[in-house]
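# Architecture at a glance
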Amino acid sequence: MYRAVKIVSREDFEYERTFEREFEGIQRYEQVSKDHPGLVDVLHVGRDDEGGFYYYVMELADDENGEQDEIDPESYKAKTLTSELRRGNGHSVYDCVKLGMSLANGLGHLHAAGLTHRDVKPSNIIFVNGAPKLADVGLVAQTGQRTYVGTEGYVPPEGPGTSSADLYSLAMVLYEAHTKKDRLDFPELPTNLEIPPTVNRDEWRALNNVICRAGSPDPKKRYDSAPALARALRDVVNSSGSRRGGSRRKVARVILPIVAVAVLGAVGIGVFWVWKDRQKFNETNSDLLATQDQMQEGITDDDIPFVRPDVIETMPGEADSTDESADPSESSGDSGFTLIDPGIDAESIDEIVVIKDEVNTDPDSAPNESEIVPEMADDKGESEPGEEPDEDETPIVANVVKGQVKLMSQPSGATVWINGEEVGITPRPLEFELGPVEVTLKSPGYHDYLFSDEVKEGFRIVSAPMLFDRSPILGSPWVNSIGLVFKADEEGGHSTEESVSFQVFDHFMNEAGLAIPVSAPNGIVQVRDEAGRWAFCDWVSRKDRESGYLGKGIYYRPVSSSEATRDYAFKLVIDDRVGTLILNSEPTGAKVIRDGFVIGKTPMVLSDIRQGPYSIQIEYPGFEVAEVSGLLVNAEAVPEFVELRRDASVVFGRAWINSQGMQLTPIGKVMVADYETQVRDFREYVTEMQILMPLTGIAQALNHPVVGVTRNEAEAFCEWLTLRERSHRMIRSTQRYRLPTDLEWSQFAGEGVETGTTPEERGRMGTAKFGWGEEWPPVLGAGNFADLAAAGVLRSYVIEGYNDGFPTTSPGGSFSPLPTGLYDLNGNVWEWVRDPYQEGNDNLGVVRGGGWNTYEKELLAVSYRNAVPVDTREDFYGFRYVLEDTDVNP
């Protein structure tokens, strides 16, 4: 078996430090490369100091013109993405998604280890046994090392060396594979004529949207992490079926297995359904794709905004809460809901606000619930003219607050069931008393759709895309969503005809981001680890339920393909047996997490757990994350009690000290550092990352605020601290450090409600008050400003009559805090915030609060915004960080 060897000579580097850094990077990479299939595997690293070089041995890429076992060293050329694009080998949407997920997951694994690639491009993506891998690891370095390397067009505007920069580079790679254009043309798109007519436009546009976000020139607008990018790519094909185009594809895909089965029965031959690319399927079955148009009666994408099955809500009072023309006989009585006029539609609503965080993430643009005042309708429960009132009917009281929900199924005409009673068909507006509610939609040939949510004031539209029921038919062969062929047995069950192939299992590992030890003789995968076999079955079950091939409570379990004790090949069997898990914890109210999703809080009864091994995470702020695992073998309930153990992790809403000894105070939705980031804190960061401290022209002690940092360097520090404290389990995976927003900084400083959409506008319309009050010059002890003690440094540009005793920076906490408990918001150093000064100008940043060099009255006003380029370094610019929790689950 051939291997690749790369020799790196010292004489190729101008500085010894750069050579050593590259060697240290490859050493660290060797330790993590074996744990992920998306990274080229480095097998050995060595060096020869006398010879002046180091070297590393790695797995060999496929040959451009042959397989691994056909390599001829004399004619060998590595198969890279560049060679594939040069050959004109097409990359469908599905190809690009698969490629991007594999590489994004590989980058995520690299970033989690504190490394960045710094030169992601097509020529550095090789294929090993047909699988894409990130190669040319000679440029791998620790996160934050910003030496300019890389290739023009793949390097973001801020330069390489961060995880965000790697995602930008990957976006350019996907842009080239997706559009067949050069990365220097980004974001230019091909014309409609250049896109084959068989390509699904919804998926094509969805993929382009993901690429544009990942390739944004503004790092803040990109995905937060490589796993987040991988999930977004996955959703390009997984969620496309929810729209009309996706539904048409699903119709075609369900018809094809039926046709295939009919053909098999007619000719009496066996078949093995080869797993085909989604795009290939569309191209060969385009004549079937129009059938869904006939099934979407009354609803188009233009009728209502689509939000997966999420909920859209107006502010209470925008629509009448009752309808006097409604038939009183349609009242539900004890059911807690009322049927209302179907004529109320989205078009009659003045304003629609999407209330899911994934869609509307700007906290400043969402309505404040405390400021919403509902308008009560005047509904006295009067009878229609000519009717006698029903004496037994409970009158509707005008001051009873209710919420309205309009169900819009796709397709329309689904029957609406509440509490076991059929109450109408969709589209159907309903009125509920406030509180939890469950509504089921039923339609022949579709899986039931369950709407379960908390009804609040206002008018809500629920978009309910119903899934075709493609479940197996008793006694008939069947093909699932990924092309696995199932045979029917005499007892009415179904199992796969063949053992699981390596091709299918490898796709699962790439998509799930897992590295499971396997072997694959004759293309059949063998998995020793039972947990790995179950993980595969759960993955297929989840995909089939999401696309309508399996119903609720139906799943796959693995069974051995043979009786041989050393044969670890396996098949899939459809099962519906479930068990019950009773979860309790001390303290109670802990989050219950299954498959990465929060599903409730303890105490909790899970009655739909599939039989087999289970693993549940229990999480409570301030306590260690506990894992509950075991084996369900029957329907008997299994009790699990967990006594959680305290740890040093953060509890939002309480003052907390982090790993650097920095105290954080809860203000609003974030935890704020009491002090500006100090020299000792930043030195800890640069020491671990093996980069240099910022050069300054002033003398500083360890407890002084660090200065001379650009905004990007401040953000890199926050990213490092996030990864460090996640690894120490002091913060959760949904929590991260970052710079405060401009509005958050104003809140910390006690500024009132501000108007304007940008820092520039808010500063122009702000007040002239100071953090210490309205006096000028500042009261003694107000903060560290340009005072008499600094006259020698600042050449007499000082505040006359004010002396704080410090010529430059002062130790954190030398002056009294503001009422919020934060120190040095007035003076000491100007503090970076994350917003650009002007909309669309990402190169112009903002610093707030004044510094030891500030003497002008207007510059020390709380509302003043100091506009400076984001790459500016000065001896009076520093930063303060906040900790936020991005978890939007209950």
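This report concerns the structure included in the present document. (Residues numbered from 1 in each chain as written. Predicted model: local features only at pLDDT ≥ 70, side-chain atom pairs only at ≥ 80, totals over all residues. Heavy atoms only, no water.)

## Remarks on the overall build of the chain
Within the chain, the secondary structure is distributed over 15 helices and 38 strands. Taking all 890 residues of the chain together, the buried fraction comes to 50%. Long-range pairs, those at least 24 residues apart, make up 61% of the contacts in the chain with a sequence separation of at least 6. Accessible area of the chain: about 41900 Å², with a carbon and sulfur share of 49%. (Helix = DSSP H or I, 4+ residues; strand = E, 2+ residues; numbered from the N terminus. Buried < 20%, exposed > 50% of the residue type's maximum accessible area, 1.4 Å probe, protein only. Contact = heavy atoms within 4.5 Å. Areas by Shrake-Rupley, 256 points an atom, 1.4 Å probe, with all protein chains shown as cover.)

## Details of unusual backbone geometry
In this model, F186 is joined to P187 through a cis peptide bond whose omega is 5 degrees. Position of P187 among the secondary structure elements: in the loop between α4 (163-179) and α5 (201-214). A cis geometry characterises the amide bond from T426 onward to P427, with omega recorded as 0 degrees. Looking at the element boundaries, P427 is found in the loop between β13 (421-425) and β14 (428-433). Positive phi values are uncommon outside glycine, yet N522 reaches one of about 60 degrees. By the element assignment, N522 lies in the loop between α9 (502-512) and α10 (530-546). A residue is classified by how much of its surface remains accessible, and N522, at 81% relative accessible area, is exposed.

## Description of the sheet that holds strand β34 (residues 830-833)
Backbone hydrogen bonds hold the strands of a sheet together, and the pairing may be parallel or antiparallel. A sheet is described by the order of its strands in space; here four strands give the open sequence β36-β35-β34-β37, paired in mixed fashion. One side of each edge strand has no neighbouring strand; the edge strands of this open sheet are β36 (866-869) and β37 (877-878). Examined bridge by bridge, β34 and β37 share two bridges and lie parallel to one another. Following the sheet pairing, E831 is matched in β37 by G878. (Pairing = 2+ DSSP bridges.)

## Let's talk about the packing of aromatic side chains
Throughout the structure, instances matching the rule amount to 36 aromatic pairs. Arranged with centres 5.5 Å apart and planes meeting at 65 degrees, the rings of F717 and F879 form a pair that is edge-to-face. Taken together, the positions of F717 in helix α12 (residues 711-727) and F879 in the loop between β37 and β38 (882-885) put the pair 162 residues apart, joining distant regions of the chain. With respect to burial, F717 and F879 carry one shared label: buried. Geometrically, the ring pair formed by Y737 and Y881 is edge-to-face, given 5.1 Å between the ring centres and 85 degrees between the ring planes. (Phe/Tyr/Trp six-rings, centres within 6.5 Å; stacked < 30°, edge-to-face > 60°.)

## Quick look at the pairing of strand β23 (residues 578-586)
On any regular strand, side chains alternate: one points to one face of the sheet, the next to the other face. As paired strands, β23 and strand β26 (residues 604-610) are joined by five bridges and run antiparallel to one another. Each residue of the ladder has a partner; that of I582, found in β26, is V605. Examined bridge by bridge, β23 and strand β29 (residues 638-643) share six bridges and lie parallel to one another. For I582, the partnering residue across the bridge sits in β29 and is P639.

## Notes on the sheet that holds strand β25 (residues 597-601)
One open sheet holds the four strands; their spatial order is β25-β24-β27-β28, and the pairing between them is antiparallel. Each edge of the sheet is formed by a strand with only one pairing partner; in this case those strands are β25 and β28 (626-632). Put simply, the sheet's adjacent strands are angled 30 degrees from each other on average, direction ignored. Inspection of the sheet shows strand β24 (residues 591-594) paired to β25 by four bridges, in the antiparallel sense. Across the sheet, the residue bridging to R594 is F597, located in β25. (Axes fitted to C-alpha atoms, helices over the stretch in contact; angles between N-to-C directions.)

## Here's the deal with the side chain of E158
Looking at the element boundaries, E158 is found in the loop between β7 (141-142) and α4. At 2.7 Å, the side chain of E158 and the side chain of R222 are in polar contact. (Polar contact = N/O pair within 3.5 Å; in protein donor to acceptor, adjacent residues only side chain to side chain.)

## Some words on the nonpolar core
Residues Y29, L170 and L229 are the most contacted members of the largest nonpolar core, which totals 64 residues. No other element matches helix α3 (residues 93-112), which puts 10 residues into this core. Leave out the neighbours within four places in its chain, and L170 touches G100, L103, A104, L107, V120 and L229. With 41 residues, the next largest nonpolar core counts A714, M730, V798 and Y881 among its residues. (Core = buried A, V, L, I, M, F, W, Y, C linked by side-chain atoms within 4.5 Å.)

## What to know about the side chain of T580
Of note, T580 is situated in strand β23. The buried category is assigned to T580, whose relative accessible area is 17%. Setting aside residues up to four positions removed in sequence, T580 forms contacts with V605, L606, S607, L632, A635, E636, A637 and V638.

## Focus on helix α11 (residues 679-689)
An α-helical segment advances 3.6 residues per turn. Residues three or four places apart therefore align on the same side. For α11, the full list of buried residues reads V679, D681, F682, Y685, V686 and M689. Along the axis of α11, the buried positions cluster into a sector of 165 degrees, meaning they face one direction only. At the exit of α11 stands Q690, carrying a positive phi of roughly 60 degrees. (Arc of directions from axis to C-beta.)

## Structural notes on the pattern of salt bridges
On inspection of all chains with the given rule, the structure shows 34 salt bridges. With a closest N to O distance of 2.9 Å, R577 and D575 form a salt bridge. In this structure, a network of salt bridges that share partners links the residues D224, R736, R738, E744 and E884. (Salt bridge = Lys/Arg side-chain N within 4 Å of Asp/Glu carboxyl O.)

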